[in-house]
Amino acid sequence: MQVIIDTDPGIDDAIAILYALRHPGIEVLALTTLGGNVGLGVTTRNAGRIVTLAGVPTPVHPGADVPLGREPRSETAIHGNDGLGGVAFPDPTVAPSDEPAVAAMARLLRAAPDKTIDLHCLGPLTNLALLVQDAPDAAARIRRVIAMGGAIDEPGNVGPRAEFNIAHDPDAAARVLAAGLDFTLIPLDATRQFRADAAYLDRLRATGSPAAIASADLIDAYFAQTEHQAKGSESRPLHDPCVPLLALNENLFRIDPRSLGVELDSGALVPGPHAIRVAMGLQADALRSALSEGLAE
Ligand code: RIB
Ligand code: CA
């Protein structure tokens, strides 16, 4: 399957991108970046570093640095000032493209047969909202969108009901939900079920694969007293890797139809008119195996 990955790397983004780049079942046509976790300059450089470590030449197109019409918030507290938890990644061997994210998305979608490219969204939805606004004909050619974001029954992580990717740019999320795309959302309700422990990191390292070893180092940097676990026993949730994992292993997720909207003030998802698919559960052990196998390719 052909995929454009829209991302704000970000520790968990990096693991998702390494998995997608290395997996034979996914052809990553481009990475498009946005400010999100740590600002556009850092996320864009990190995208180039991740591509370099993966050894899979892939164009990187910088996109939106800030949300539509509101002030950004930063997540350096979780991802570190370098956005990758201080984990040693090579410098990018190729500079980012001069072609901006939305122009690249539109070009790729218009050049490909209709409904043959998927969009994997690992950060706020600003770039996708701008594509819908500026190139609606191209957006209509997307086969499906799989996005990490939101909270349905789970508490939020940036507010009582708000999750970072949606709440960072709720205006963008509202526009994307209203666009009528084939949209599958993976909220905290699912991703909080997907974590790693020390034994899993040993398993990743034992593969000897640079992508798996780097992912183990990234998860190590991600270990912290997590919201719902005993101190240090498991990592923070592996949010973004759920996106490419669902694309390749949909049978390992429980997906429900939901009609949702966005509460613009809080950034929370609320019942609303937009019918989408929402992953509410997953088979964590099987997905950990799928992740380690993909990273070991
Ligand atoms: O809430 C989790 C999301 O916010 C993930 O995409 C993580 O990378 C951060 O961007
Ligand atoms: Ca992210």
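Bear in mind that the values here come from a model prediction, so they are computed numbers and not experimental data.

Conventions used here
- As a convention, each chain's residues are numbered from 1 in the sequence order in which they are written.
- Chain letters start at A and ligand numbers start at 1, both assigned in the order the entries are written.
- With the structure being a predicted model, the display of local features is reserved for residues of pLDDT at least 70 and the display and counting of side-chain atom pairs for 80 or more, all residues being used for whole-chain, interface and lining totals.
- Side-chain metrics rest on all non-hydrogen atoms present in the structure, leaving aside hydrogens and water.
- DSSP calls a pair of strands paired once it identifies at least 2 bridges connecting them.
- Helix numbering and strand numbering both begin at the N terminus, where a helix is a DSSP run of H or I of at least 4 residues and a strand a DSSP run of E of at least 2.
- Every angle, taken between N-to-C directions, lies between 0 and 180 degrees, and every axis is a line fitted to C-alpha atoms, over only the stretch in contact when it is a helix.
- Contact criterion: two residues are considered in contact whenever any of their non-hydrogen atoms come within 4.5 Å of each other.
- To sort residues, take the accessible area from a 1.4 Å probe on protein chains only and compare it with the maximum for the residue type: under 20% means buried, over 50% means exposed, and anything in between is partly exposed.
- Only protein atoms enter the calculation, which uses a 1 Å grid: trapped sets of points that fit a 1.4 Å probe without letting it out are cavities, open sets showing protein on both sides within 12 Å along at least five of seven lines are pockets, and any residue with an atom within 4 Å of a point is a lining residue.
- Grid points are joined across faces, edges and corners, and a volume is the space filled by probe spheres set on the points.
- Gly is put with the polar residues, along with every residue not named as nonpolar or charged; the nonpolar set is Ala, Val, Leu, Ile, Met, Phe, Trp, Tyr, Cys and Pro, and the charged set is Asp, Glu, Lys and Arg.
- Note on terminology: a nonpolar core comprises buried Ala, Val, Leu, Ile, Met, Phe, Trp, Tyr and Cys residues joined through side-chain atoms within 4.5 Å.

Novice: Would you mind showing me how to read the sheet that holds strand β7 (residues 253–263) here?
Specialist: Note: strands within a sheet are paired through backbone hydrogen bonds, in either parallel or antiparallel orientation. With mixed pairing, 9 strands are arranged side by side in an open sheet as β3-β2-β1-β4-β5-β6-β9-β7-β8. Single-partner strands in this sheet number two, and they are β3 (60–62) and β8 (268–271). Mean inter-strand twist for the sheet, computed between neighbouring axes without regard to direction, equals 35 degrees. In this structure, strand β2 (residues 27–33) lies alongside β3, joined through 3 bridges in parallel fashion. Bridge assignment links Thr33 to a residue of β3, and that residue is Pro62. Docked against the sheet, helix α1 (residues 11–22) engages β1 (2–7) and β2, running at close to 165 degrees with respect to β1.

Novice: It is not clear to me how the pairing of strand β6 (residues 183–186) should be interpreted in this structure. Could you clarify?
Specialist: Side-chain direction in a regular strand flips from residue to residue, so the side chains alternate between the two faces of the sheet. Neither face of β6 is exposed, since Phe183 and Leu185 on one face and Thr184 and Ile186 on the opposite face are all buried. Strand direction decides the pairing type here: strand β5 (residues 142–148) and β6, joined by 4 bridges, are parallel. If you follow Val145 over to β6, its bridge partner there is Phe183. Pairing of β6 with strand β9 (residues 274–282) involves 2 bridges; the strand directions are parallel. Residue Thr184 lies in a different strand from β9, and its bridge partner there is Arg277.

Novice: Explanation requested: the layout of surface pockets in the structure shown.
Specialist: The gaps left among the atoms become clear once a water-sized probe is rolled over them. The computed volume of the second largest pocket comes to approximately 210 Å³. In this structure, the second largest pocket is lined by 17 residues; those nearest its centre are Gly48, Val51, Thr58, Thr93 and Val94. Within the lining of the second largest pocket, the residues separate by chemical class into 9 nonpolar, 7 polar and 1 charged.

Novice: For this particular structure, what's the right way to read the nonpolar core?
Specialist: Looking at soluble globular proteins, one finds that nonpolar side chains tend to be buried together. In terms of nonpolar packing, the biggest core is built from 56 residues, with Leu18, Phe194, Leu218, Phe253, Leu291 and Leu295 touching the most fellow members. Take this core: its biggest share by element is 9 residues, from α1. With near-sequence residues (within four places) excluded, Leu18 lies in contact with Ile50, Leu53, Ala54, Phe89, Ala211, Ala214, Ser215, Leu218 and Leu295. In this structure, Cys121, Leu128, Ala138 and Val176 belong to the second largest nonpolar core, which totals 40 residues.

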